[in-house]
Each structure stands twice: as structure tokens, then as C-alpha cells.
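Observations on chain architecture
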Amino acid sequence: AQSVSQHNHHVILSEAASLELGCNYSYGGTVNLFWYVQYPGQHLQLLLKYFSGDPLVKGIKGFEAEFIKSKFSFNLRKPSVQWSDTAEYFCAVINTSGTYKYIFGTGTRLKVLA
Amino acid sequence: GAVVSQHPSRVICKSGTSVKIECRSLDFQATTMFWYRQFPKQSLMLMATSNEGSKATYEQGVEKDKFLINHASLTLSTLTVTSAHPEDSSFYICSVLEDGSYGYTFGSGTRLTVV
């Protein structure tokens, strides 16, 4: 069965620290990959997405993610986090074989200390 | 992108009663909407796919008689939690998939508390 793993459940960083959140998926076919962010009290927002082409994807608010097919990974990065990045981050995968269903990871709760 | 409105944002109901949650696609005709459930500290779990004009497709383990989904128009899908129990307390989120894109737009969610 298709699954998405986010290894870090809670991450605490100081402002200006670099961020990398892991995401691995298990699916042998063609996938599209996404990172969503959920700020406290708000709904999910799309940070970035990968469909094809350049495996390094740049999203909003300075986030980027790299798709490494051989590792089934799509890690999220940001060189320097801000207090306002405190949120929960979800990795999601959608297979393109016809079901188009999102499979979400369990999420990573990021807290950035001012 | 699409704008999705979900109502109510919070609801508290007594055990045994039913609660209806609305999901509206404000600027996009959505033939398909999705309903998710999020437990505290857990990921979103797809409950069902709502199809305009036809029956919803439920995921394995989701009781269709308990979670009634109606998608009567291209802009409105409703989820009714029937005979709610405390274990149904959760965060329910709907989303819309825009044709030609895999980018989903999510509603703001409904926090249901059953007391």
C-alpha cells in the first residue's frame, strides 16, 4: 500500500537556523509530491509541488524541496527559518495511476524560537 | 486557484445528535470534492470522495451510514455525521481538486466536539 513517512514529529529550532524535514514515500509508480503547511488556527496551504522536470523545487516563503527518486524522498528545506514559520508541515503524495488520492504524512510540528 | 468555504468552523453537539458540515466551492465548479478527517497529532485521512450527482466513494473502514455525504450541486458538498458519539470528535476538512491540476485547495476545516 502507498504510504508517506515523515520522520521528524517535532522540531524545535532557533531563528536563522537551517531546516530540513524528511519525507519518504513508498510507491513504485509515477507520483506527484507536495508539501503543505498549516499555521496555528489556519487551514492547509500549499507550499510547493513537484510534478516533473527539475527535481529541486522552489516554493513560497523561501522553502524548497528536492525530489530524489532513487531514495523515494522529497525533503523540505529552508536555509534560515523565522519565528513565523512555526507551523505543522505535511508531506503528501498523489499517484498518477488514476485514483488521484492524496496520501498524507503524519506531519511535523515545527516550533521556531525567537 | 479555487476558493473553498467550509461551515461551521466549530460545532459542539450532544451525543446522539446529527451534525451537518458544508463545503462550498466559491469560484469553481467542483465535480469532485474530498472529505478528510484529522485526529490530534495525526495526519489527514481521506474519508470519502464526493461526486456531484452520484454516490460518494468511501474509504475502507469509513461507515457510509454514519458519515452521509451529499454533493447535490457543483458548488456544494455536505457531510452529515449521524448519531454522533464522542469518538467522532475530530477536525473535518474538505478539499477541491481543480481539473487539470493536482493542486488541491482545502477548506478551513470544522472542529467537531461531541459531548
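1. Focus: the overall build of chain A
The helix and strand inventory of chain A stands at zero helices and twelve strands. Mapped in sequence order, the helices and strands of chain A form the string β-β-β-β-β-β-β-β-β-β-β-β. Taking 114 residues into account, the globule formula puts the C-alpha radius of gyration at 13 Å, and chain A, at 14 Å, falls close to it. With respect to the three principal axes, the spread of C-alpha positions in chain A is 45 × 30 × 20 Å. Within chain A, buried positions represent 45% of all 114 residues. Contacts in chain A between residues far apart in sequence, at least 24 positions, make up 55% of those at least 6 positions apart. Looking at chain A as shown, the accessible area adds up to about 5,500 Å², and 54% of this sits on carbon and sulfur atoms. Treating the 10 positive side-chain charges of chain A as one cloud and the 7 negative ones as another, the clouds have centres 6 Å apart.

2. A word on the pairing of strand 2 (residues 10-13) of chain B
Residues and elements named next belong to chain B. Residues Val11 and Cys13 point to one face of strand 2 and are all buried, whereas Arg10 and Ile12, pointing to the other face, are not buried. Bridging between strand 2 and strand 11 (residues 110-114) involves four bridges; their strand directions are parallel. Each residue of the ladder has a partner; that of Arg10, found in strand 11, is Arg111.

3. Quick look at the packing of aromatic side chains
Taken as a whole and assessed by the stated rule, the structure comprises 14 aromatic pairs over all chains. Geometrically, the ring pair formed by Tyr50(A) and Phe67(A) is tilted, given 4.6 Å between the ring centres and 35° between the ring planes. One end of the pair, Tyr50(A), is in strand 6 (residues 45-50); the other, Phe67(A), is in strand 8 (residues 64-68), and 17 residues separate them in sequence. Here Tyr50(A) matches Phe67(A) in class, with each residue buried. Between the aromatic rings of Phe104(A) and Tyr36(B), the centroid separation amounts to 5.5 Å while the plane-to-plane angle is 90°, which identifies the pairing as edge-to-face. Highlighted residues: Phe104(A) in strand 11 (residues 102-104) and Tyr36(B) in strand 4 (residues 32-38), drawn from two different chains.

4. Regarding the state of the cysteines
All told, the structure shown has two disulfides over all chains when counted by the stated rule. Each sulfur of the disulfide joining Cys23(A) and Cys91(A) lies 1.9 Å from the other. When the S-S torsion is -65°, as for the bridge of Cys23(A) with Cys91(A), the disulfide is left-handed. Here Cys91(A) lies in strand 10 (residues 87-95) and Cys23(A) lies in the loop between strand 3 (19-21) and strand 4 (24-26), a separation of 68 residues in the sequence. For Cys91(A), a relative accessible area of 0% corresponds to the buried category. In this model, Cys23(B) is linked to Cys94(B) through a disulfide, with the two sulfur atoms separated by 2.0 Å. In this structure, the disulfide formed by Cys23(B) and Cys94(B) twists by about 80° around the S-S bond and is classed as right-handed. Taken together, the positions of Cys23(B) in strand 3 (residues 19-25) and Cys94(B) in strand 9 (residues 90-97) put the pair 71 residues apart, joining distant regions of the chain. For Cys23(B), a relative accessible area of 0% translates into the label buried. Judged by relative accessible area, which is 0%, Cys94(B) ranks as buried.

5. Side note on the interface of chain B and chain A
Listed per partner, the contact involves 16 residues of chain B and 18 residues of chain A. On inspection of chain B and its partner chain A, the count reaches zero salt bridges. On inspection of chain B and its partner chain A, the count reaches zero residue pairs in polar contact (both at pLDDT 80 or more). Each residue belonging to the side of chain B that touches chain A can be placed in one class, and the counts come to seven nonpolar, seven polar and two charged.

What counts and what doesn't
- Residues numbered from 1 in each chain as written.
- Chains lettered and ligands numbered in written order.
- Predicted model: local features only at pLDDT ≥ 70, side-chain atom pairs only at ≥ 80, totals over all residues.
- Heavy atoms only, no water.
- Helix = DSSP H or I, 4+ residues; strand = E, 2+ residues; numbered from the N terminus.
- Rg over C-alpha atoms; globule rule 2.2 N^0.38 Å.
- Buried < 20%, exposed > 50% of the residue type's maximum accessible area, 1.4 Å probe, protein only.
- Contact = heavy atoms within 4.5 Å.
- Areas by Shrake-Rupley, 256 points an atom, 1.4 Å probe, with all protein chains shown as cover.
- Lys, Arg positive; Asp, Glu negative; His and termini not counted.
- Charge placed at Lys NZ, Arg CZ, Asp CG, Glu CD.
- Pairing = 2+ DSSP bridges.
- Phe/Tyr/Trp six-rings, centres within 6.5 Å; stacked < 30°, edge-to-face > 60°.
- Disulfide = S-S within 2.5 Å.
- Salt bridge = Lys/Arg side-chain N within 4 Å of Asp/Glu carboxyl O.
- Polar contact = N/O pair within 3.5 Å; in protein donor to acceptor, adjacent residues only side chain to side chain.
- Nonpolar A, V, L, I, M, F, W, Y, C, P; charged D, E, K, R; others polar.

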